[in-house]
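# Residue-level structure breakdown
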Amino acid sequence: MKLVYFDDFRLGILKDGAVFDISSIADEMPKTAPQDLMAGLIARFDHFRARLEGATTNGGGIPVGSVRLRPPLPRPANIVCMALNYFDGKIGPERAPIDSFTKAAGSIIGPDDTMILPDYPAIAFEGEAEMAVVIGKRATNVSEADAMDHVFGYMNFIDGSARGASSLFQVKARETFAPIGPYLVTADEVRDPYDLRVRLWINGALKQDFNTGAMAHRIARCIAWVSSVHTLEPGDVLATGTSHDGLSSFQDGDLVELETEGLGKLRVRVRDDLKRTWERDSWLERRAKGIPENANRQLSGKHAPERNPQT
């Protein structure tokens, strides 16, 4: 089942290219904000599932192109992102120690929304293609053996980064730096979360292309480890990491598209009111040229480094 928010955060199901409004069912759940509604549905999904499936069988769907899709989880209580969690050119053949960081709830945006680059002297702004797990029931100190029972579903996730900042909070937790969507797919529709192709394009040029099978610490391990630190609640988001090889800069006017196999295609725009520019080479391309990872790649605009015109 593909769950969506649409228009003024009405809850719906996407099926066969149409959105079915399930607001009347959802009205039975207490809520003060859209996030509460989706989290409540996730927590009581087994109770509502038959009625939700029935809501899509008698027609009445709205063509998806006629609605505005919203982020399926507008303000998760917890957004946990796994760090260095792929075997790639950045970490090499050895598994990095398990680690994570958090993003702020205000980082979330949805389909066709805009990632806004702040007035900050970053060496580059990037967005990492990721598959995110959505938690289905409370997880506290769960074992790896039981961890997958706590997975409700999956969705696309872009991990925005302001490279060169002095702390991970400055790098990762900025507003609009966590695009998600276009919908939330229940776990039963994902055949194998460790065999999904993940691709990210910038203005139509393919930049990242990898398979979730290269994940260093698998989902069960991640849930068990994170839940040993703090409790995960229904509707929380756990982003599983990225392969860094194709990462390149985002800048004003970019159209960014992320597609994880079976999870739809997420499209967002990038806006930089300062109209700065950065080099577009990827992390691996810079490494091949011997350029240090922390080298400033900004070419023009505010905060650009001084350059020797003879070099």
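Here the structure is a predicted model, which is why all the values come from computation and not from measurement. (Residues numbered from 1 in each chain as written. Predicted model: local features only at pLDDT ≥ 70, side-chain atom pairs only at ≥ 80, totals over all residues. Heavy atoms only, no water.)

So, on to the packing of aromatic side chains. This structure, assessed with the given rule, holds five aromatic pairs. Measuring from ring centre to ring centre gives 5.5 Å for Tyr5 and Phe9, while their planes differ by 65 degrees; the resulting arrangement is edge-to-face. Aromatic side chains Phe125 and Trp278 sit 5.4 Å apart centroid to centroid with 90 degrees between the ring planes, which places their arrangement in the edge-to-face category. Taken as a pair, Phe125 in strand β10 (residues 124-135) and Trp278 in strand β18 (residues 277-278) lie far apart in primary sequence, 153 residues in all. For Phe125, a relative accessible area of 1% corresponds to the buried category. Ring pairing ties together the aromatic residues Phe125, Phe177 and Trp278, which thus form one cluster. Taking the ring centre of Tyr194 as reference, the NZ or CZ of Arg218 above it sits at 4.0 Å. Above the ring of Trp201, the side-chain terminus of Lys265 is found at 4.4 Å from the ring centroid. (Phe/Tyr/Trp six-rings, centres within 6.5 Å; stacked < 30°, edge-to-face > 60°. Helix = DSSP H or I, 4+ residues; strand = E, 2+ residues; numbered from the N terminus. Buried < 20%, exposed > 50% of the residue type's maximum accessible area, 1.4 Å probe, protein only. Lys NZ or Arg CZ within 6 Å of the ring centre and 35° of its normal.)

Attention now goes to unusual backbone geometry. Leave glycine aside and you will find that most residues have negative phi; peptide bonds, for their part, are mostly trans. With an omega dihedral of 10 degrees, the bond running from Gly181 to Pro182 counts as a cis peptide bond. Along the chain, Pro182 falls in strand β12 (residues 178-186). In this structure, Asn203 takes a positive phi of about 50 degrees despite not being glycine. Secondary-structure assignment places Asn203 in the loop between β13 (197-202) and β14 (205-211).

Among the structural elements, Thr242 can be located in the loop between β15 (237-239) and β16 (255-260). On the basis of relative accessible area, Thr242 is assigned to the buried category, the value being 2%. A distance of 2.7 Å separates the side chain of Thr242 from the backbone oxygen of Ala129, its partner in a polar contact. A polar contact of 2.9 Å, which involves the side chain of Thr242, links it to the side chain of Gln208. (Polar contact = N/O pair within 3.5 Å; in protein donor to acceptor, adjacent residues only side chain to side chain.)

Once that is clear, we can look at the pairing of β12. Counting buried positions along β12 yields nine of nine residues, so the element is predominantly enclosed. Sheet topology note: the strand β1 (residues 2-6)/β12 ladder contains two bridges and is antiparallel. Opposite Lys2, over in β12, you have Val185 as the bridge partner. Strand direction decides the pairing type here: strand β8 (residues 108-109) and β12, joined by two bridges, are parallel. Bridged to Ile109 within β12 is Pro179. Of the strand pairs in this sheet, strand β11 (residues 151-163) and β12 are connected by four bridges, and their pairing is antiparallel. Across the sheet, the residue bridging to Asn156 is Gly181, located in β12. (Pairing = 2+ DSSP bridges.)

A few words now on the layout of surface pockets. Volume-wise, the largest pocket comes out at about 430 Å³. In this structure, the largest pocket is lined by 26 residues; those nearest its centre are Lys90, Glu128, Arg163, Lys172 and His244. Of all the secondary-structure elements, those providing two or more residues to the lining of the largest pocket are β10, β11, α5 (168-172) and α7 (283-288). Of the residues assigned to the lining of the largest pocket, the class counts are 10 nonpolar, six polar and 10 charged. In this structure, the second largest pocket occupies an estimated 270 Å³ of space. Ile42, Phe45, Asp46, Val151 and Phe152 are the residues nearest the centre of the second largest pocket, which is lined by 14 residues in total. Those elements giving two or more residues to the lining of the second largest pocket turn out to be α2 (34-43), α3 (45-54) and β11. (1 Å grid on protein atoms, 1.4 Å probe; cavity = no way out; pocket = protein on both sides within 12 Å on 5 of 7 lines; lining within 4 Å. Points joined across faces, edges and corners; volume = space filled by probe spheres on them. Nonpolar A, V, L, I, M, F, W, Y, C, P; charged D, E, K, R; others polar.)

The pairing of β13 with β14 spans six bridges and is classified as antiparallel. In the sheet register, Val198 faces β14, and the bridge partner there is Phe210. Adjacent in sequence and paired antiparallel, β13 and β14 are bridged by two residues, among which Asn203 carries a positive phi angle near 50 degrees. Sheet topology note: the β13/β16 ladder contains five bridges and is antiparallel. Within β16, the position partnered with Ile202 by the bridge is Val256.

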